[in-house]
Amino acid sequence: MTGVCGCCGALRPRYKRLVDNIFPEDPEDGLVKANMEKLTFYALSAPEKLDRIGAYLSERLSRDVARHRYGYVCIAMEALDQLLMACHCQSINLFVESFLKMVRKLLESDKPSLQILGTNSFVKFANIEEDTPSYHRSYDFFVSRFSEMCHSSYEDPDIRTKIRMAGIKGLQGVVRKTVNDELQANIWDPQHMDKIVPSLLFNLQSGERTESRSPSPLQASEKEKESPVELTERCFRELLGRAAYGNIKNAVTPVLMHLDNHSLWEGKTFAVRCFKIIMYSIQSQHSHLVIQQLLGHLDANSKNSATVRAGIVEVLLEAAAIAASGSVGPTVLEVFNTLLRQLRLSVDYELTGSYDGSTNIGTKIIKAHEERQLQEAVIRTIGSFANTLPTYQRSEVMLFIMGKIPVPGMHPALPSTGSGPEGTRMIQVMLLKSLVQVTAGFQTTNMLTALPSSFLEPLLSFSLTEDPEVRLLVLQILLSLIDRHDNRPKFSNISIITDISALKLKVDKCSRQDNLFMKKHGQHLYRHIYLGCKEQSSGQQHYETLFALLGLLSVELANEEVVVDLIRLALALQDLALSTDEGMPVFNRCAVHALAAAYLNLICQLTTVPAFCQHIHEVIEVRQKESPYLLPEAVFVEHPKLPSSLDKVEGDVLFLQSKITEVLGGSGYNTDRLATPYIPQYTGKEPQQYSLVL
């Protein structure tokens, strides 16, 4: 009988005998390595037998799984792994089918150890570059199963972590295996992305870390490397890094949906972290696609709560900062149009108290403070986007925003807000604040092209409004545009500067373009400075900003003719403060006197004419002794000590036009021009002074 059995065994196909021989009697002994080498050599020598070897191994593994002989299951998978690594012949596809069938069998098991074993084998397979293409292989099951494992809720926390990590590694393997193979089912299709991305975000969110490193985590501790969060981030970065132009949308859409479904915009921290990972991982030339999706999502959430919209805007802010190295794409104005539209909607919501202009019972309650926070976030984001743009595009954006600002009497066809005159005023303030952000740090060599009349004239017209906040914003915008050498901080406070060299001003010789700019717009600027000083609602901040504007004009754009005009303007301001016809309060008259004194003290040192400086310093010394309330140090303080009236401001406390004309004329300045008092002329280029109470 023994001989008969031996005879039957010898009749078995050789590949089956070789496979059987790799299994020891006791599975604890592990794979019989010598016999495994024989099997591998046979498979390499007779590649046409590879599919049969795979099928037989699959048959044995299925039987062992059913009988709970897990030791033999592990040996079978180890053999399969080694054969996969060794064989790259044309007939490997059929072997892979058997291999994937076995991996699937393990993943379907309820036993965590088998799921992890199957995943590990799949990951090894995923890293193999196959020599021959596969036309019909499907990975749908693996995407679904690995995604399920990412969400494991197994009772034991350690095992749960291992299952989740196996799921993440499995998804990473699927992506690696399919992303560059045009013959495979497209892993970027929404049906796959809608499973993969939320699974990754679920594990990313479960971590305690809130701040993402960029652009890649290279220095992680061993413990971190083993955490699902760290592994997830690496996997997410790899997925995004492989995304081509046409796949970005499918990869980002599930992120937006996940943040929506789990109310994760409000907290902002996780949403910002997600998009930092996205922006740092994708190819930089694709950055604008992500920004466009965020803008579209912001529009889609126009009637959602302010906290949700603010969260999306904050993410946009961070994304714009990261995209700065490239560009926000060809649709620059679309970006600003969306943000400005959100700003207008927010103002309407705040003032009307509802999202649809009605006051029906059941409409969502608008929280004004949340809308204000949103408005501030939108304005910051507008500035962040502007900072990513080259000068010529920033000029276009400035013009674009200016065209959106409602100007009563100039743009009657503008769509009215549902919130009436107060809404118009708030829109003006918000858009001017946006311009403050856009113009911050704006630098140009040619003022004429960067600041065309179509921008400057409407801007200056706002300095004629009765609203002090609007006038202050206009002045801040002008300061940003004129300051090209970072001199602005040196004029932040009005004071009598004893030694101008201490300011370390950066002064370049005026270019031909600068001279042309002042010839075209100088009188316009002087007039608005004069009228700004005259406004009764002007406060300390207004006068400080007007002083800074005069100072910047003097160091950035002043030729000899401009210097003469600025001195005439300062003397005209003194006359304005002396006049009783205007009905200006005592504070404003003292403030204008102080402003004129501080500016003449500055300009006399810039002109370096000794006799001019002497006259200015003499008057200032007299004021210090007799009338300190005519100097900035006494006026621009928290509690200024002012007289009840200014009836007796005369004599040595006044700067004399005749004296200044004489001393400057002796130094070659135009005496005829100096002797002519400055009178502001209406240029006809802006609307008459108007009130915002329409």
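Residues numbered from 1 in each chain as written. Predicted model: local features only at pLDDT ≥ 70, side-chain atom pairs only at ≥ 80, totals over all residues. Heavy atoms only, no water.

S.K.: Before we go on, may I ask you to explain the overall build of the protein in this structure?
M.R.: Assigned secondary structure in the protein consists of 31 helices and zero strands. The proportion of buried residues among the 694 residues of the protein is 54%. Restricting the contact set of the protein to residue pairs at least 6 apart, pairs at least 24 apart contribute 75%. On the protein, roughly 30,900 Å² of surface is accessible, and the fraction owed to carbon and sulfur atoms is 51%. (Helix = DSSP H or I, 4+ residues; strand = E, 2+ residues; numbered from the N terminus. Buried < 20%, exposed > 50% of the residue type's maximum accessible area, 1.4 Å probe, protein only. Contact = heavy atoms within 4.5 Å. Areas by Shrake-Rupley, 256 points an atom, 1.4 Å probe, with all protein chains shown as cover.)

S.K.: Is there a simple way to think about the packing of helix 7 (residues 112-126) against helix 8 (residues 140-150) in this case?
M.R.: Two quantities define a packed helix pair, namely the angle between the helix axes and the distance between the axes. It is at 12 Å that the axes of helix 7 and helix 8 come closest, and there the two elements cross at 130 degrees. For the element pair helix 7 / helix 8, the angle class is oblique. Like other packed secondary-structure pairs, helix 7 and helix 8 cross with a definite hand, here left-handed. Contacts between helix 7 and helix 8 involve Gln115, Thr119 and Phe122 on the former and, on the latter, Phe142, Arg145, Phe146 and Met149. Considered class by class, the residues forming the contact of helix 7 with helix 8 number four nonpolar, two polar and one charged. (Axes fitted to C-alpha atoms, helices over the stretch in contact; angles between N-to-C directions. Parallel < 35°, antiparallel > 145°, perpendicular 65-115°, else oblique. Left-handed = near helix turned anticlockwise from the far one by under 90°. Nonpolar A, V, L, I, M, F, W, Y, C, P; charged D, E, K, R; others polar.)

S.K.: I would appreciate a short explanation of the side chain of Thr388 in the present structure.
M.R.: Topologically, Thr388 is positioned in the loop between helix 18 (368-387) and helix 19 (391-404). The class for Thr388 is buried, based on a relative accessible area of 9%. One polar contact links the side chain of Thr388 to the main-chain carbonyl oxygen of Phe385, over a distance of 2.6 Å. (Polar contact = N/O pair within 3.5 Å; in protein donor to acceptor, adjacent residues only side chain to side chain.)

S.K.: Is there a simple way to think about the confidence of the model for the protein in this case?
M.R.: Caution applies to low-pLDDT regions: their predicted coordinates should not be interpreted in detail. In the predicted model, the protein carries a mean pLDDT of 85, and the fraction of residues at 70 or more is 87%. In this model, residues 1-7 is a region of pLDDT below 50 whose contacts with residues beyond four sequence positions or in other chains number zero contacts. This model gives residues 685-694 a pLDDT under 50, and the stretch forms 32 contacts once residues within four places in sequence are excluded. (pLDDT = per-residue confidence, 0-100.)

S.K.: Help me understand helix 13 (residues 248-261), please; the structure alone is not making it clear to me.
M.R.: Because the α-helix completes a turn every 3.6 residues, residues three or four places apart line up on one side. In a regular helix each residue adds 1.5 Å, so 14 residues correspond to 20 Å; helix 13 covers 20 Å between its end C-alpha atoms and thus fits that length. Turning to helix 13, its buried residues are Ile248, Ala251, Val252, Pro254, Val255, Leu256, His258 and Leu259. For helix 13, the elements touching its buried residues are helix 10 (190-205), helix 12 (228-241), helix 14 (269-281) and helix 15 (287-300). A positive backbone phi angle near 50 degrees is found at Ser263, which sits one or two residues after helix 13. (Expected span 1.5 Å × (residues − 1).)

S.K.: Looking at this model, I keep getting lost on the packing of aromatic side chains. Mind explaining?
M.R.: The description of an aromatic ring pair uses the distance of the two centres, along with the angle that the planes make with each other. Counting across every chain of the model gives 16 aromatic pairs. When the ring of Tyr15 is compared with that of Tyr56, the centres are 6.5 Å apart and the planes differ by 85 degrees; the resulting orientation is edge-to-face. In this pair, Tyr15 sits in helix 2 (residues 14-21) while Tyr56 sits in helix 4 (residues 50-66), placing the two residues 41 residues apart along the sequence. Both rings, one in Phe23 and one in Tyr72, keep their centres 6.0 Å apart while their planes meet at 65 degrees; by these two values the pair is edge-to-face. Taken as a pair, Phe23 in the loop between helix 2 and helix 3 (33-45) and Tyr72 in helix 5 (residues 70-86) lie far apart in primary sequence, 49 residues in all. Ring pairing ties together the aromatic residues Phe99, Phe122, Phe125, Tyr139, Phe141, Phe142 and Phe146, which thus form one cluster. One cation-aromatic arrangement involves Arg60 over Phe23; the distance from NZ or CZ to the ring centre is 3.9 Å. Over the aromatic face of Phe141 sits the side chain of Arg104, whose NZ or CZ is 4.3 Å from the ring centroid. (Phe/Tyr/Trp six-rings, centres within 6.5 Å; stacked < 30°, edge-to-face > 60°. Lys NZ or Arg CZ within 6 Å of the ring centre and 35° of its normal.)

S.K.: Is there a simple way to think about helix 10 in this case?
M.R.: Its 16 residues place the ends of helix 10 22 Å apart at the C-alpha level, agreeing with the 22 Å of an ideal helix rising 1.5 Å per residue. Every buried residue of helix 10 is accounted for by His192, Met193, Ile196, Val197, Pro198, Ser199, Leu200, Leu201, Asn203 and Leu204. Each element contacted by the buried residues of helix 10 is listed here: helix 8, helix 9 (157-178), helix 12, helix 13 and helix 14.

S.K.: What am I meant to see in a negative patch on the surface here?
M.R.: A grouping of Glu25, Asp26, Glu28 and Asp29 is seen on the molecular surface, where their side chains present a negatively charged patch. Exposure remark for Asp29: the relative accessible area of 58% places this residue in the exposed category. (Patch = residues over 30% accessible without salt bridge, like charges linked within 9 Å, V, L, I, M, F, W, Y side chains within 5 Å. Salt bridge = Lys/Arg side-chain N within 4 Å of Asp/Glu carboxyl O. Lys, Arg positive; Asp, Glu negative; His and termini not counted. Charge placed at Lys NZ, Arg CZ, Asp CG, Glu CD.)

S.K.: Just checking my understanding: could you explain the pattern of salt bridges for this structure?
M.R.: Opposite charge on two side chains makes pairing possible when the charged atoms of those side chains draw close. For the coordinates displayed, the defined rule picks out 24 salt bridges. The salt bridge partner of Arg63 is Glu59, with a shortest N-O separation of 3.9 Å. Of this pair, Arg63 and Glu59 both sit in helix 4, four residues apart, which is roughly one turn of that helix. Under the relative-accessibility criterion, Glu59 is labelled partly exposed at 44%. In this structure, Arg341 and Asp299 form a salt bridge, with 2.6 Å as the shortest nitrogen-oxygen distance. Pair noted here: Arg341 is in helix 17 (residues 332-352) and Asp299 is in helix 15, with a separation of 42 residues, a long-range link. Three or more residues are tied together by salt bridges with common partners; here these are Glu422, Arg425, Lys433, Asp467 and Glu469.

S.K.: Would you take a moment to explain the packing of helix 17 against helix 19 for this structure?
M.R.: For the pair helix 17 and helix 19, interaxial distance at closest approach is 11 Å and the crossing angle is 30 degrees. As the angle between them shows, helix 17 and helix 19 are arranged roughly parallel. When you trace helix 17 past helix 19, the crossing you get is right-handed. Along its contact with helix 17, which presents Val332, Leu333, Phe336, Asn337, Leu340 and Arg344, the element helix 19 presents Gln393, Glu396, Val397, Phe400, Ile401 and Lys404. Its residues assigned to classes, the contact of helix 17 with helix 19 comprises seven nonpolar, two polar and three charged.

S.K.: Would you mind showing me how to read the environment of Lys534 here?
M.R.: Mapped onto the elements of the fold, Lys534 is located in helix 24 (residues 512-534). Assessed through its relative accessible area of 28%, Lys534 is described here as partly exposed. Between the C-alpha atom of Lys534 and that of Val592, which follows or precedes it by 58 residues, the distance is 8.3 Å. Sequence-distant contacts of Lys534, defined by excluding residues within four places in its chain, comprise Leu576, Glu582 and Met584.

S.K.: Looking at this model, I keep getting lost on the environment of Met257. Mind explaining?
M.R.: Mapped onto the elements of the fold, Met257 is located in helix 13. For the pair Met257 and His297, spaced 40 residues apart in sequence, the C-alpha to C-alpha distance is 9.7 Å.

S.K.: Help me out: how do you make sense of the environment of Asn337 in this one?
M.R.: On the secondary structure map, Asn337 appears in helix 17. With 64 residues separating them in the primary sequence, Asn337 and Ile401 have C-alpha atoms 8.4 Å apart. With residues near it in sequence (within four places) discarded, Asn337 still touches Phe400 and Lys404. Side chain to side chain, Asn337 and Lys404 meet in a polar contact 3.1 Å long.

S.K.: I tried to follow unusual backbone geometry on my own but got confused; where do I start?
M.R.: Glycine aside, residues mostly have negative phi, and peptide bonds are mostly found in the trans state. With a phi close to 60 degrees, Asp486 is a non-glycine residue in the positive phi region. Along the chain, the position of Asp486 falls in the loop between helix 23 (468-482) and helix 24. With a phi angle near 55 degrees, Thr608 is a residue other than glycine that sits in the positive phi range. Mapped onto the fold, Thr608 is located in the loop between helix 27 (586-607) and helix 28 (610-626).

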